[in-house]
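# Architecture and fold: a report
Take a look at the letters that make up each chain.
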Amino acid sequence: MNFSRKRFLMSCLLLLASGWAAAAPLEVAGVKVDDSVELAGKTLVLNGAGVRTKAIFKVYVAALYLPQKANTPEAVLALQGPKRMHITMMREIDTNELGKLFTRGVEDNTPKSEMSKLIPGLIRMGQIFAEQKKLSPGETFSIDWIPGKGTIITVKGQPQGEPFKEPEFFNAMMRIWLGPNPADWRLKDALLGKPA
């Protein structure tokens, strides 16, 4: 085989290999993350994904899906249309404790003047998680915003009760990860699509 033919074949192999790499699903800490999802008849793109760590433990992988990319918390919250925060557990966790952590996350990132409006929703959200008892590695939940319906919490593929109607509730939940005092700074940057 002459040299130019070898080069041609090597180039073809490299192009094929790079095509396969591009088509491969994204993995974050061993968890497959879709690059887009369908929600309320719209295609949402993956804005960013990362791992929530506590001390040295990996707790869950979070993935943020939006109608279009946004790289600041303000831009994420201002975007019109459906949105999704999708969580895949990496450790078993007591869901009653998880509900309490989320409530604390909202309190840490919401002005005091807005908290009174959120209390009924936070109580109901806490009950939703408490009823699950626990989440095991590989199990998932999503927090979706669907315009005209509200916030829907889906646990293990099952929507939980009536939607939370107030747009403030969804934004308050997003601030757990994207607010001024996020659960995990590295995760915040990852969800906003910033390089590690």
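Each remark here, short or long, concerns the structure printed above.
Small disclaimer: the values here were computed from a predicted structure and weren't measured.

### A short note on the sheet that holds strand E3 (residues 36-39)
What the seven strands build is an open sheet, ordered E3-E4-E5-E6-E9-E10-E11; its pairing is antiparallel. Both edges of this open sheet fall to E3 and strand E11 (158-159), since each of them pairs with a single strand only. Across six bridges, the pairing between strand E9 (residues 140-146) and strand E10 (residues 150-155) is antiparallel. Note that in E10 the partner of Ile 146 across the bridge is Gly 150.

### Remarks on the side chain of Gln 132
Within the secondary structure, Gln 132 sits in helix H4 (residues 112-132). Its relative accessible area of 17% is what places Gln 132 among the buried residues. If near-sequence neighbours (up to four positions away) are discounted, Gln 132 is found in contact with Thr 95, Val 155, Lys 156 and Gln 160.

### Remarks on the pairing of E9
Burial analysis of E9 places six of its seven residues in the buried class, which makes it a mostly covered element. Counted along the chain from E9 to the antiparallel partner E10, the turn is three residues long, and its residue Gly 148 has a positive phi close to 85°.

### What to know about the packing of aromatic side chains
Each aromatic ring pair is described using two quantities: the centre-to-centre distance and the angle formed by the ring planes. Summed over all chains, the structure comprises six aromatic pairs. On the numbers, 4.3 Å between centres and 5° between planes, the contact of Phe 164 with Phe 169 is stacked. Accessibility classification places Phe 164 together with Phe 169 in one group, the buried group. Of the aromatic side chains, those joined through ring pairs into one cluster are Phe 102, Phe 129, Phe 141 and Trp 177.

### Side note on the packing of helix H3 (residues 95-109) against H4
Put simply, H3 and H4 touch, their axes get as near as 8 Å, and they point 165° apart. On the basis of their axis angle, the class for H3 and H4 is roughly antiparallel. As H3 runs across H4, the sense of the crossing is right-handed. For the pair formed by H3 and H4, the contact residues are Thr 95, Asn 96, Leu 98, Gly 99, Phe 102, Thr 103, Val 106 and Glu 107 on the first element and Lys 112, Met 115, Leu 118, Leu 122, Met 125, Phe 129, Ala 130 and Gln 132 on the second.

Rules used throughout
- Residues numbered from 1 in each chain as written.
- Predicted model: local features only at pLDDT ≥ 70, side-chain atom pairs only at ≥ 80, totals over all residues.
- Heavy atoms only, no water.
- Pairing = 2+ DSSP bridges.
- Helix = DSSP H or I, 4+ residues; strand = E, 2+ residues; numbered from the N terminus.
- Buried < 20%, exposed > 50% of the residue type's maximum accessible area, 1.4 Å probe, protein only.
- Contact = heavy atoms within 4.5 Å.
- Phe/Tyr/Trp six-rings, centres within 6.5 Å; stacked < 30°, edge-to-face > 60°.
- Axes fitted to C-alpha atoms, helices over the stretch in contact; angles between N-to-C directions.
- Parallel < 35°, antiparallel > 145°, perpendicular 65-115°, else oblique.
- Left-handed = near helix turned anticlockwise from the far one by under 90°.

Purely spatial values, then, with no claim about function.
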